[in-house]
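Below, each chain spelled out in residue letters.
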Amino acid sequence: MSSTSLDQIVNLAKRRGFVFPSSEIYGGLASTWDYGPYGVLLKNNVKAAWWKAMVLMRDDIVGLDAAILMHPRTWEASGHTDSFSDPLVECRQCHNRFRLDELQDLQKSDKDKLQCPVCGTKDNFTEPKNFNLLMKTFLGTTEDAKSAVYLRGETCQGIYVNFKNVLATSRQKIPFGIAQIGKAFRNEITPGNFTFRMREFEQMEMQFFVKPDAAAVYYDEWKSRRLDWYKSLGFEMTRVRFKDHDKLAHYAKAAVDIEYDTPWGWKEVEGIHNRGDWDLSRHSEFSGKDLSYFDEESGDKFMPYIVETSGGADRISLMALIDAYNEEETDGETRVVLKLHKDLAPIKVAVMPLLKNKPELVEVATKLFHELKAAGIMAEYDESGSIGRRYRRQDEIGTPICVTIDFDTLENKTVTIRDRDTMKQERVGLDKVLKLT
């Protein structure tokens, strides 16, 4: 289990503007969170890194942005309206409600006599009943059964129903994939652990369509590729592992989770699944549209199998904060530093005039700052407080390098570059700063 506590992450996130409680001035809303100025940059960087690996760097995957609201029959075909549920029990003593499976996981012994984690009462729960996780809303001016629709419980269904549209317009041939990043909604019984489990969250999903006899090969390939992605972003790989599903979903031929060693144990951040032909077959059946694929080269017609990779942008962003968090003793005091990979760091470079009351230093610093921004580099201008305090502030938000404009800059056009991780400083030419970032 991670030595970093969740409280440390939550405190840093609030203090430095990564994540705020949603609607905080009204007392907040349970398990909903707002991403602050640095949090939205971190999360956008996570999504950009995923999109680059999945779409930009591949010829066989295209993108999609499907609607959140879909025809209700979509969720009948997918099985969500019938089986997308968790077993719910209620403590008869304190009336708190819990997912039965999570309650059972909390027990140290004697699984038959469950103990309420709130009031401590033993074996005093209602009979389990299924609780559907889909969030319902209504379209139009009336709120009745005919106008009921659902906020999507997952983003992949938008990919499946657009399979033929994408095939017809992208000139792709099997094997190929469709990738999407978007919001999904689940009426979780027991959300929690900060941004790890929320009712409103963002998924990064890719569905790879293959011949049935090739699915097992691509399943293994995508397991390897997805693990390599985490490694490429500098995650500590001793804290990342595969965990095969003990029990497969009814549609799955194979399924594995990528888990991360969080402060509350090993938890899933991404799933990789061989979904077989369940999805396209079901949507063909319920829509009456033929979603099979005709292979012009072989003359074969078949229902494609799907290999899915499904990661949570919120979970991976939280994982990045936990993984990068360090406390170090420096000169008799504790330095908090986020050692984020440069591709994930919210701010790439901080520009600092040594003194804010020296116009000649401020002029050079602001000019460099605007040059960096114009080049598409997320930079920050920081002139508040001593240079040491400014370094510490940038350490806590994970900025890889700080550039200090001092009086030597005016003399010889050099600046001080300070590295976040080593804290080493060196002089480089002012004209070299853009290349270093």
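In this text the structure is predicted, and so the values were computed from the model without any measurement. (Residues numbered from 1 in each chain as written. Predicted model: local features only at pLDDT ≥ 70, side-chain atom pairs only at ≥ 80, totals over all residues. Heavy atoms only, no water.)

### Notes on unusual backbone geometry
Basically, it comes down to this: Helix numbering and strand numbering both begin at the N terminus, where a helix is a DSSP run of H or I of at least 4 residues and a strand a DSSP run of E of at least 2.
For the bond running from Ile-174 to Pro-175, omega is 5°, close enough to zero to count as cis. Position of Pro-175 relative to the elements: it lies in the loop between helix 7 (163–170) and strand 9 (176–185). One non-glycine residue, Asp-123, lies in the positive phi region at around 50°. Its location among the elements puts Asp-123 in the loop between helix 5 (100–106) and strand 6 (129–132). The phi dihedral of Met-423 falls on the positive side, at around 65°, and the residue is not glycine. Looking at where Met-423 falls in the secondary structure, it is placed in the loop between strand 22 (414–419) and strand 23 (425–429).

### Some words on the pairing of strand 12 (residues 254–262)
Note on strand geometry: in a regular strand, side chains alternate between the two faces of the sheet. Operational definition: Buried, partly exposed and exposed residues are distinguished by accessible area as a fraction of the type maximum, computed with a 1.4 Å probe on protein chains only: under 20%, between the cut-offs, and over 50%, respectively. In this description, strands pair whenever DSSP reports at least two bridges between them.
In terms of burial, strand 12 is largely enclosed, as nine of its nine residues are buried. Of the two faces of strand 12, both are covered, the one formed by Ala-254, Val-256, Ile-258, Tyr-260 and Thr-262 as well as the one formed by Ala-255, Asp-257, Glu-259 and Asp-261. Pairing of strand 11 (residues 240–244) with strand 12 involves five bridges; the strand directions are antiparallel. Pairing of Arg-241 across the sheet is with Glu-259, part of strand 12. In this antiparallel pair of consecutive strands, strand 12 and strand 13 (residues 265–274), the connection spans two residues.

### Re the packing of helix 2 (residues 37–56) against helix 10 (residues 313–324)
Operational definition: Angles shown run from 0 to 180 degrees and are taken between the N-to-C directions of axes, each axis being a line fitted to C-alpha atoms and, for helices, limited to the stretch in contact. Throughout, the term roughly parallel applies to angles under 35 degrees, roughly antiparallel to angles over 145, roughly perpendicular to angles from 65 to 115, and oblique to all others. A crossing counts as left-handed when the near helix is turned anticlockwise from the far one by less than a right angle, and as right-handed when that turn is clockwise. Pairs of residues are marked as contacts when any of their non-hydrogen atoms sit within 4.5 Å. Classes in brief: Ala, Val, Leu, Ile, Met, Phe, Trp, Tyr, Cys and Pro nonpolar; Asp, Glu, Lys and Arg charged; the others, Gly included, polar.
Their axes nearest at 9 Å, the elements helix 2 and helix 10 cross at an angle of 110°. By the angle between their axes, helix 2 is roughly perpendicular relative to helix 10. Two packed elements cross with a definite hand, and for helix 2 against helix 10 that hand is right-handed. Contact residues: Leu-42, Lys-43, Val-46 and Lys-47 in helix 2; Ala-313, Asp-314, Ile-316, Ser-317, Ala-320 and Leu-321 in helix 10. Residues that form the contact of helix 2 with helix 10 fall into these classes: six nonpolar, one polar and three charged.

### A look at the packing of helix 2 against helix 8 (residues 215–232)
To characterise two packed helices, one gives the angle between the axes of the helices and the distance between these axes. At a closest axis distance of 11 Å, the pairing of helix 2 and helix 8 adopts a crossing angle of 140°. One way to sum up the angle between helix 2 and helix 8 is to call them oblique. Judged by the twist between their axes, the crossing of helix 2 over helix 8 is right-handed. Across the interface between the two elements, Val-46, Ala-49, Trp-50, Ala-53 and Met-54 of helix 2 pack against Trp-222, Arg-226 and Trp-229 of helix 8. Of the residues assigned to the contact of helix 2 with helix 8, the class counts are seven nonpolar, no polar and one charged.

### A look at the sheet that holds strand 19 (residues 349–353)
An order of 20-19-21-22-23 is seen for the five strands of this open sheet, with the pairing classed as mixed. Bordering the open sheet on either side are strand 20 (379–381) and strand 23, each of which pairs with just one other strand. With direction set aside, neighbouring strand axes in the sheet form an average angle of 25°. Across five bridges, strand 19 lies against strand 21 (residues 401–405) in parallel orientation. If you follow Val-351 over to strand 21, its bridge partner there is Val-403. Packed onto the sheet, helix 12 (residues 387–397) meets strand 19, strand 20, strand 21, strand 22 and strand 23 and runs at close to 170° relative to strand 19.

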